[in-house]
Amino acid sequence: MEKTTVVGVDIGGTKIACGLVTLGDGAPAVDLVEKVPTDAKRGGEHVLATVIEQVRAAIDRSSVPPSGVGISSAGVVNPRTGDITFANDLMPGWGGTALAAEVTRATGLACRVLNDVHAHALGEARWGGGRDAESCLVVAVGTGIGGAFVERGHIMLGAHDEAGHIGHVCCPAAAGVPCSCGATGHLEPVAAGPGIIEEYVRRGGDERKPDGSPMDGAEIDRRAAAGDEAAIAAERRAGLALGEVLGSMVNMLDPTCVILSGSVAQCGPAWSDAMREGFLGQAMPPVQSTPIVEGELGGMAPIIGAAENFVTSGYAGI
């Protein structure tokens with residue numbers, strides 16, 4: 001594969017990361033990554049202007065003319081047009097943005113756009129934990145829970161470009177628990193980071209750390225490792241719920257492997273043992289040996305996936 005340099009951009013609710021991604025033989029090289037605040041509350045036009053500014057700066061930093069721009073963005077994306085078709089209240093005014101067309105108009109470079117979780121999954125599937133797998137289910141567990149199924153380098157998008165919302169599937173542990181999407185009983189409110197914190201406090205744990213700052217998942221994980229029963233129970237509840245859903249998803253999709261990434265996926269044995277217990281409790285015998293592995297690309301996965309998408313257009317509306 002001939003080396004190609006692409007401007008890679010990852011647009012999230014809190015920050016925009018932009019760098020130069022060189023793809024070719026061997027692992028991708030990601031250089032000169034700059035991060036700036038999204039300031040999403042200032043509206044979609046402000047976010048678009050910031051993205052264009054960062055892309056232009058990356059072009060100026062590049063020692064070779066980039067072939068184009070690959071973008072990973074929060075919100076629902078039509079990857080065929082590069083439009084943002086929907087975004088929630090965390091990104092007001094972002095829905096309806098003709099992102100690819102505006103970036104091309106401003107820079108003269110071709111541009112392709114993927115949803116951020118889809119881009120993350122494509123990066124991990126092609127260059128990270130799934131690079132030797134024919135298919136993989138990629139699940140990112142942090143403040144929220146997102147996922148995607150990738151087979152032979154193609155992302156399953158679905159009829160509305162929204163496939164992979166594993167955080168919004170029904171979960172027994174979440175019966176009656178409200179979800180941010182308006183439904184009840186979904187995985188995300190019990191298995192994502194905020195759910196672990198809420199459960200810890202409900203069980204009598206501290207709302208704040210000793211320094212007075214709000215309690216966070218990393219502190220709860222440290223306390224679980226030290227034997228704090230409330231911390232252990234909170235992590236176990238979350239891990240078991242995620243594992244049960246993963247088992248159900250593997251029954252349906254039968255991937256070569258499952259890739260877990262995100263801050264919650266770094267939790268210790270209280271969480272990971274429960275996750276595997278939940279998985280084995282739901283997975284049918286033929287798929288119980290499906291490997292569950294850690295992601296390898298960390299925060300660079302969406303940028304690498306966005307660049308990969310530009311080069312290969314690795315999506316399929318199935």
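Cut-offs applied
Residues numbered from 1 in each chain as written. Predicted model: local features only at pLDDT ≥ 70, side-chain atom pairs only at ≥ 80, totals over all residues. Heavy atoms only, no water. Buried < 20%, exposed > 50% of the residue type's maximum accessible area, 1.4 Å probe, protein only. Helix = DSSP H or I, 4+ residues; strand = E, 2+ residues; numbered from the N terminus. Pairing = 2+ DSSP bridges. Axes fitted to C-alpha atoms, helices over the stretch in contact; angles between N-to-C directions. Parallel < 35°, antiparallel > 145°, perpendicular 65-115°, else oblique. Left-handed = near helix turned anticlockwise from the far one by under 90°. Contact = heavy atoms within 4.5 Å. Nonpolar A, V, L, I, M, F, W, Y, C, P; charged D, E, K, R; others polar. Expected span 1.5 Å × (residues − 1). Arc of directions from axis to C-beta. Right-handed = clockwise from strand over helix to strand, strands pointing away. Core = buried A, V, L, I, M, F, W, Y, C linked by side-chain atoms within 4.5 Å.

Draft legend 1. Looking closely at the pairing of strand 4 (residues 68–73). Of all six residues that make up strand 4, six are buried, and the element is covered over most of its length. Sheet topology places strand 1 (residues 4–11) next to strand 4; six bridges connect them, and they run parallel. When the bridges of strand 4 are listed, V6 appears paired with G68. In the sheet, strand 4 pairs with strand 7 (residues 111–115) via five bridges, with the strands oriented parallel. When the sheet's bridge partners are listed, G70 is paired in strand 7 with R112.

Draft legend 2. Fine view of the packing of helix 1 (residues 44–61) against helix 2 (residues 99–107). Between helix 1 and helix 2, the shortest axis-to-axis distance is 10 Å and the interhelical angle comes to 45°. Regarding the angle of helix 1 to helix 2, the classification is oblique. Along this stretch, helix 1 crosses helix 2, giving a crossing that reads as right-handed. Two secondary-structure elements touch here, helix 1 through L48, V51, I52, V55, R56 and I59 and helix 2 through L99, E102, V103, A106 and T107. Taken together, the residues that form the contact of helix 1 with helix 2 break down as eight nonpolar, one polar and two charged.

Draft legend 3. Focus on the side chain of T290. Structurally, T290 is set in the loop between helix 8 (269–282) and strand 12 (292–294). If we skip the residues at most four places from it in the chain, T290 touches V250, P255, T256, C257, V258 and F279.

Draft legend 4. How the structure looks around helix 8. With 14 residues, helix 8 should cover 20 Å at 1.5 Å per step; its first-to-last C-alpha distance of 20 Å lies within 8% of that length. Buried within helix 8 we find W271, A274, M275, G278 and F279. Summarising the axial view, the buried residues of helix 8 lie within an arc of 140°, below the 170-degree limit, and thus occupy one face. Facing away from the buried side of helix 8 by over 90 degrees, the exposed positions are P269, D273 and G281. At its buried positions, helix 8 is contacted by helix 7 (229–253), strand 11 (257–261) and strand 12.

Draft legend 5. View of the sheet that holds strand 7. If you trace the five strands from one edge of the open sheet to the other, you get 3-2-1-4-7, paired in mixed fashion. The strands lining the two open edges of the sheet, one partner per strand, are strand 3 (29–37) and strand 7. Neighbour to neighbour, the strand axes of the sheet diverge by 20° on average, direction disregarded. Along the sheet face, helix 2 touches strand 1, strand 4 and strand 7 and points at about 150° away from the line of strand 7.

Draft legend 6. Seen up close, the packing of helix 3 (residues 116–127) against helix 9 (residues 301–312). Two numbers describe how helix 3 lies on helix 9: the axes approach to 7 Å, and their chain directions differ by 85°. Classed by the angle they form, the pair helix 3 and helix 9 counts as roughly perpendicular. Contact residues: D116, A119, H120, L122, G123, E124, R126 and W127 in helix 3; A301, P302, I304, G305, A306, E308 and N309 in helix 9. Per-class residue counts for the contact of helix 3 with helix 9 are seven nonpolar, four polar and four charged.

Draft legend 7. Spatial organisation of the pairing of strand 11. Counting buried positions along strand 11 gives five out of five residues, so the element sits mostly inside the fold. Bridge count between strand 8 (residues 135–141) and strand 11: five bridges; the pairing is parallel. Bridge pairing in strand 11 places L137 opposite V258. The pairing of strand 11 with strand 12 spans three bridges and is classified as parallel. Pairing of L260 across the sheet is with E294, part of strand 12. A crossover links strand 11 with its parallel partner strand 12, the connecting element being helix 8, and its sense is right-handed.

Draft legend 8. Highlighting the environment of L48. Along the chain, the position of L48 falls in helix 1. For L48, a relative accessible area of 14% gives the class buried. Sequence-wise, L48 and E102 are 54 residues apart; in three dimensions their C-alpha atoms are separated by 8.2 Å. Discounting residues that sit within four places of it in the chain, L48 has contacts with W94, T97, L99 and E102.

Draft legend 9. Here's a closer look at the nonpolar core. If you look at the biggest cluster of nonpolar residues, it comprises 39 residues, and the most contacted ones within it are V139, I145, L187, L242, L246, L260 and W271. Mapped by element, the contributors of at least two residues to this core are strand 8, strand 9 (145–151), helix 4 (188–191), helix 5 (193–202), helix 6 (217–225), helix 7, strand 11 and helix 8. Ranked by residues supplied to this core, first place goes to helix 7 with 11 residues. Beyond its immediate chain neighbours, meaning those up to four positions away, V139 contacts I145, G146, G147, I166, L242, L246, I259, L260 and S261. Listed in part, the 26 residues of the second largest apolar core include V47, I71, M91 and L109.

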